[in-house]
Amino acid sequence: MINLRSEEEIQRIRESSLLVAKTLAEVARHITPGVSLLRLDQIAEDFIRSHGGRPAFKGYNGFPGSLCLSRNQEVVHGMPSSVILEDGDIISVDCGVEIAGYYGDSAYTFPVGEVKQETLNLLRITKESLFKGIEQAVAGNRIGDIGNAVQQHAQKHGYGVVRELVGHGIGTSLHEKPEVPNYGKRGSGVLLKTGMVLAIEPMVNMGTKDVKMHRDGWTITTRDNKPSAHFEHTVVVRENAAEVLSTFQWIEEIKNKPQ
Ligand code: MG
Ligand code: MG
């Protein structure tokens, strides 16, 4: 069953999504060469709890952290560890929050220090592909319209779009129906209706689309070990344009602040 959310429920999901956005911005202030992934995870957990939320990833299927932290060739589901960020890395920070039974989910991939231009291009195009997908999340379209828009934009730039992991419905659980693939045919799949809440999350590889599971049983990495980027928003399907419930505004204010 696919849930259609009332305005009151959407407001609850918005509150969780905005706490995710603020948490990502708080983490962004600490992303610098020399910081450990465990430290970033602790900052996120403290921030979420001190603002009345619960870190939704912590304990989810046994996941140990409050953030998924995926570096360089890691695609998603990287575990917080004693690994230290280095100049030239990229790091995907994925965060989920629950407040009073309602969930928000968002992710952003950050450059660490000085990053190669070709890698910055991957980040920019992946973020653009997220917004291309969001443009299609309107009532009367289908799930395949979202995936097709993401896929076309990423592939136009020669990138690989991950198939094995997908976006999802979200609301009173972290992961609900429907699945939201980042590829697909226009006009195919589930019909989108006003009040559906979706987490759209392109995972885009600089090289081929192929991925593998790391031996830790969680981390997904690219098969060719080239970098991968990941951006995610929680959005609600509406009549003429989707409404984005999470936001990158606070992250980007911090990123653009002169050091
Ligand atoms: Mg996420
Ligand atoms: Mg998600």
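Our structure is the block above this text.
Residues numbered from 1 in each chain as written. Chains lettered and ligands numbered in written order. Predicted model: local features only at pLDDT ≥ 70, side-chain atom pairs only at ≥ 80, totals over all residues. Heavy atoms only, no water.

1. Describing the coordination of the magnesium ion (ligand 2)
So, step 1. Those donors, D105 (OD), H168 (NE2), E201 (OE) and E232 (OE), are the protein atoms that reach the magnesium ion (ligand 2), and they lie 2.1 to 2.3 Å from it.
So, step 2. All donors of the magnesium ion (ligand 2) come from a single chain, and their spacing in sequence reads D-x62-H-x32-E-x30-E. (Donors = N, O, S within 2.8 Å, 3.2 Å for Na, K, Ca; no water.)

2. Quick word on the sheet that holds strand β10 (residues 203-205)
So, step 1. Read from one edge to the other, the open sheet built from three strands follows the order β6-β10-β13, with strand pairing classed as antiparallel. The strands lining the two open edges of the sheet, one partner per strand, are β6 (160-161) and β13 (228-230).
So, step 2. Here β6 runs beside β10; their pairing, made up of two bridges, is antiparallel. Its bridge partner lying in β10, V161 is registered against V204.
So, step 3. Across the face of the sheet, helix α3 (residues 117-135) comes into contact with β10 and β13 while running at roughly 35 degrees to β13. (Pairing = 2+ DSSP bridges. Helix = DSSP H or I, 4+ residues; strand = E, 2+ residues; numbered from the N terminus. Contact = heavy atoms within 4.5 Å. Axes fitted to C-alpha atoms, helices over the stretch in contact; angles between N-to-C directions.)

3. Focus: the packing of aromatic side chains
So, step 1. For the structure on display, the rule yields six aromatic pairs.
So, step 2. Taken together, a centroid distance of 4.8 Å and an interplanar angle of 45 degrees make the contact between Y108 and F110 tilted. For the pair formed by Y108 and F110, the shared burial category is buried.
So, step 3. Residues F131 and F248 carry aromatic rings whose centres are separated by 6.2 Å and whose planes lie at 85 degrees to one another, so their mutual orientation is edge-to-face. (Phe/Tyr/Trp six-rings, centres within 6.5 Å; stacked < 30°, edge-to-face > 60°. Buried < 20%, exposed > 50% of the residue type's maximum accessible area, 1.4 Å probe, protein only.)

4. Examining the nonpolar core
So, step 1. Formed by 51 residues in total, the largest nonpolar core has its most connected members in I31, I91, V93, L198 and I200.
So, step 2. For this core, the element with the most residues is helix α1 (residues 7-28), which contributes six residues.
So, step 3. Excluding its chain neighbours within four sequence positions, the residues that come into contact with V93 are L24, V27, I31, L67, C68, L69, S106, A107, Y108 and F110.
So, step 4. Core analysis: the next-biggest nonpolar cluster, separate from the first, contains 14 residues, I13, F57, V197 and L245 among them. (Core = buried A, V, L, I, M, F, W, Y, C linked by side-chain atoms within 4.5 Å.)

5. Structural notes on the pairing of strand β5 (residues 102-111)
So, step 1. β5 sits mainly inside the fold: nine of its 10 residues count as buried.
So, step 2. Pairing geometry for strand β4 (residues 90-99) and β5, over 10 bridges, is antiparallel. Paired with V97 across the bridge in β5 is G104.
So, step 3. Taking the residues that link successive antiparallel strands as the turn, the β4-β5 hairpin has two residues, and the phi of A100 there is positive, at about 50 degrees.

6. Looking at the packing of α3 against helix α4 (residues 143-156)
When two helices pack together, their arrangement is given by the angle between their axes and by how far apart the axes lie.
So, step 1. Two elements in contact, α3 and α4, have axes whose closest approach is 8 Å; the angle formed by their N-to-C orientations is 155 degrees. Considered as vectors, α3 and α4 are oriented roughly antiparallel to each other. Crossing angle aside, the handedness with which α3 passes α4 is right-handed. Between α3, through I125, E128, S129, K132 and G133, and α4, the contact on the second element is made entirely by I146, A149, V150, H153 and A154.
So, step 2. Its residues assigned to classes, the contact of α3 with α4 shows five nonpolar, three polar and two charged. (Parallel < 35°, antiparallel > 145°, perpendicular 65-115°, else oblique. Left-handed = near helix turned anticlockwise from the far one by under 90°. Nonpolar A, V, L, I, M, F, W, Y, C, P; charged D, E, K, R; others polar.)

7. Regarding the pattern of salt bridges
So, step 1. Evaluation of the coordinates by the stated rule reveals 14 salt bridges.
So, step 2. Between D89 and R71 there is a salt bridge, with its nearest N and O atoms 3.3 Å apart. Here R71 lies in strand β2 (residues 67-71) and D89 lies in the loop between β3 (74-76) and β4, a separation of 18 residues in the sequence.
So, step 3. Using a relative accessible area of 19% as the deciding quantity, one classes R71 as buried.
So, step 4. For E252, the salt bridge identified is with K127, shortest N-O distance 2.5 Å. Residue E252 is located in helix α5 (residues 249-256), and its partner K127 is located in helix α3; the two are separated by 125 residues in the primary sequence.
So, step 5. Through salt bridges with shared partners, one network takes in E7, R14, R238 and E243. (Salt bridge = Lys/Arg side-chain N within 4 Å of Asp/Glu carboxyl O.)

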